[in-house]
Amino acid sequence: MSAPWTRKEFEDKLREKGKGYHIYHPFHVMMYEGKLSKEQLQSWVMNRFYYQISIPLKDAAILSNCPVKEIRKEWIVRILDHDGEGDAEGGIEAWINLGRAVGLKREEVTSLEGVSPGVRFAVDAYINFAKQRTWQESVCSSLTELFAPHIHQQRISSWPEMYPWIDESGLSYFKKRLTEARRDVEHGLGVTLDYFSTSKEMQEKALDILQFKINVLWVIADSIMLASSNIKVDDRDYMRQPK
Ligand code: AHQ
């Protein structure tokens, strides 16, 4: 096997994976272009809630696999970002507020009734990855956040014009993530570049792990697009799983 890439080359290879990020998924492109209906946006918020409440479980799995105090001390803040701390509400509450802003009642979001099987499957694959793999591999899988500030900024700047019916206070989650994602990446990228730079095989493994998580996000968007589409075949509605 050839010599490992330099640290800069390795980081560039990780960033190149951004080509497959879900910002380029047709559902998110339609969202950005203002082409989604109110029902499709509501479906996206209800489905993505399952991802949001699963992130702290994913991060707790990483903590449980990590024996290094200095890493845990930094990583634990991700759980507080979502669960909140003291009187401060976290991202999960902010996401429910996003639900309110798009016209959903609290229980329509928290009941998880609107979550499609494909979204559950993809999110569970991510949580199980973090439970079963080493903490370093799970840190690497979180690096889709290299590309996240761009998609959060897109929503912040396009929704007020494209979806004027959405109460702008609902965008607080995306604004919160702009700084949190950048701080997360600072930490996660350093750990990944350090740990996976021992050989070319390890560097290639890191790229495969990042591709797995890029696929998780892509399939979440696939499933939401299908579940929220009103494709009718011989006037039967195939797209909703019978309850
Ligand atoms: O809101 C998001 C979030 O809290 C996280 C945590 C992080 C991880 O640990 O995998 N990834 C992530 C992401 C969030 N929002 C997604 C979006 O498009 O709104 C992007 C997603 C990511 O890029 O992984």
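This text follows the structure it describes.
Summarised in this report is the structure supplied together with it. (Residues numbered from 1 in each chain as written. Predicted model: local features only at pLDDT ≥ 70, side-chain atom pairs only at ≥ 80, totals over all residues. Heavy atoms only, no water.)

Moving on, we get to the overall build of the protein. Check the secondary structure of the protein and you find 12 helices and zero strands. Going from N to C terminus, the protein has its helices and strands arranged as α-α-α-α-α-α-α-α-α-α-α-α. Computed over the C-alpha atoms, the radius of gyration of the protein is 19 Å, within 12% of the 18 Å expected from 2.2 N^0.38 for a compact globule of 243 residues. The principal-axis extent of the C-alpha atoms belonging to the protein is close to 55 × 45 × 35 Å. Residues counted as buried form 51% of the 243 residues belonging to the protein. Restricting to contacts in the protein with at least 6 residues of sequence separation, those with at least 24 account for 79%. Only carbon and sulfur atoms are counted for the fraction: they give 55% of the accessible area of the protein, which is about 11800 Å². Once the 33 positive and 35 negative side-chain charges of the protein are each reduced to a mean point, those two points are 1 Å apart. (Helix = DSSP H or I, 4+ residues; strand = E, 2+ residues; numbered from the N terminus. Rg over C-alpha atoms; globule rule 2.2 N^0.38 Å. Buried < 20%, exposed > 50% of the residue type's maximum accessible area, 1.4 Å probe, protein only. Contact = heavy atoms within 4.5 Å. Areas by Shrake-Rupley, 256 points an atom, 1.4 Å probe, with all protein chains shown as cover. Lys, Arg positive; Asp, Glu negative; His and termini not counted. Charge placed at Lys NZ, Arg CZ, Asp CG, Glu CD.)

Turning our eyes to something else, we now look at empty space enclosed by the protein. Enumeration over the complete set of coordinates arrives at three cavities of 30 Å³ or more. By volume, the largest cavity amounts to about 300 Å³. In this structure, the largest cavity is lined by 23 residues; those nearest its centre are Tyr 51, Ile 55, Glu 145, Ala 148 and Arg 177. Only helix H3 (38-65), helix H5 (77-83), helix H10 (148-162), helix H11 (172-195) and helix H12 (200-227) provide two or more residues apiece to the lining of the largest cavity. Top contributing element to the lining of the largest cavity by residue count: H3, with six residues. Grouping the amino acids of the lining of the largest cavity by side-chain chemistry returns eight nonpolar, six polar and nine charged. (1 Å grid on protein atoms, 1.4 Å probe; cavity = no way out; pocket = protein on both sides within 12 Å on 5 of 7 lines; lining within 4 Å. Points joined across faces, edges and corners; volume = space filled by probe spheres on them. Nonpolar A, V, L, I, M, F, W, Y, C, P; charged D, E, K, R; others polar.)

Turning next to the environment of Val 191. With respect to the secondary-structure elements, Val 191 resides in helix H11. Given a relative accessible area of 11%, Val 191 falls into the buried group. Through-space distance from the C-alpha of Val 191 to that of Cys 140 is 8.0 Å; in sequence the pair is 51 residues apart. Not counting chain neighbours up to four residues away, the residues in contact with Val 191 comprise Ile 71, Trp 135 and Val 139.

Once that is clear, we can look at the packing of aromatic side chains. Evaluated as defined, the whole model comprises 14 aromatic pairs. Residues Tyr 51 and Tyr 126 carry aromatic rings whose centres are separated by 6.5 Å and whose planes lie at 15° to one another, so their mutual orientation is stacked. One end of the pair, Tyr 51, is in helix H3; the other, Tyr 126, is in helix H8 (residues 117-132), with 75 residues separating them in the sequence. Residues Tyr 51 and Tyr 126 agree in their burial class; the two are buried. Here the aromatic rings of Phe 129 and Phe 212 are separated by 4.8 Å at their centres, their planes lie at 20°, and the arrangement is stacked. (Phe/Tyr/Trp six-rings, centres within 6.5 Å; stacked < 30°, edge-to-face > 60°.)

The subject of this paragraph is the packing of helix H6 (residues 91-101) against H11. Two quantities define a packed helix pair, namely the angle between the axes and the distance from one axis to the other. Viewed as axis vectors pointing N to C, H6 and H11 meet at an angle of 145°, and their least axial separation amounts to 8 Å. Facing Gly 91, Ala 94, Trp 95, Asn 97 and Leu 98 of H6, the residues of H11 in contact are Ser 172, Tyr 173, Phe 174 and Lys 176. By residue class, the composition of the contact of H6 with H11 is five nonpolar, three polar and one charged. (Axes fitted to C-alpha atoms, helices over the stretch in contact; angles between N-to-C directions.)

Here we come to the site of the ligand. Taken together, 20 residues are adjacent to the ligand, and Lys 58, Tyr 126, Thr 144, Tyr 173 and Lys 213 come closest. In this structure, an oxygen atom belonging to the ligand sits 2.5 Å away from a side-chain N or O atom of Tyr 173. In the complex, 99% of the free accessible area of the ligand, which totals 470 Å², lies under the protein chains. Mapped by element, the contributors of at least two residues to the shell around the ligand are H3, H10, H11 and H12. Among the elements that line the shell around the ligand, the one with the most residues is H3, at five residues. Taken together, the residues of the shell around the ligand sort by class into eight nonpolar, six polar and six charged. (Near = heavy atom within 4 Å. Polar contact = N/O pair within 3.5 Å; in protein donor to acceptor, adjacent residues only side chain to side chain.)

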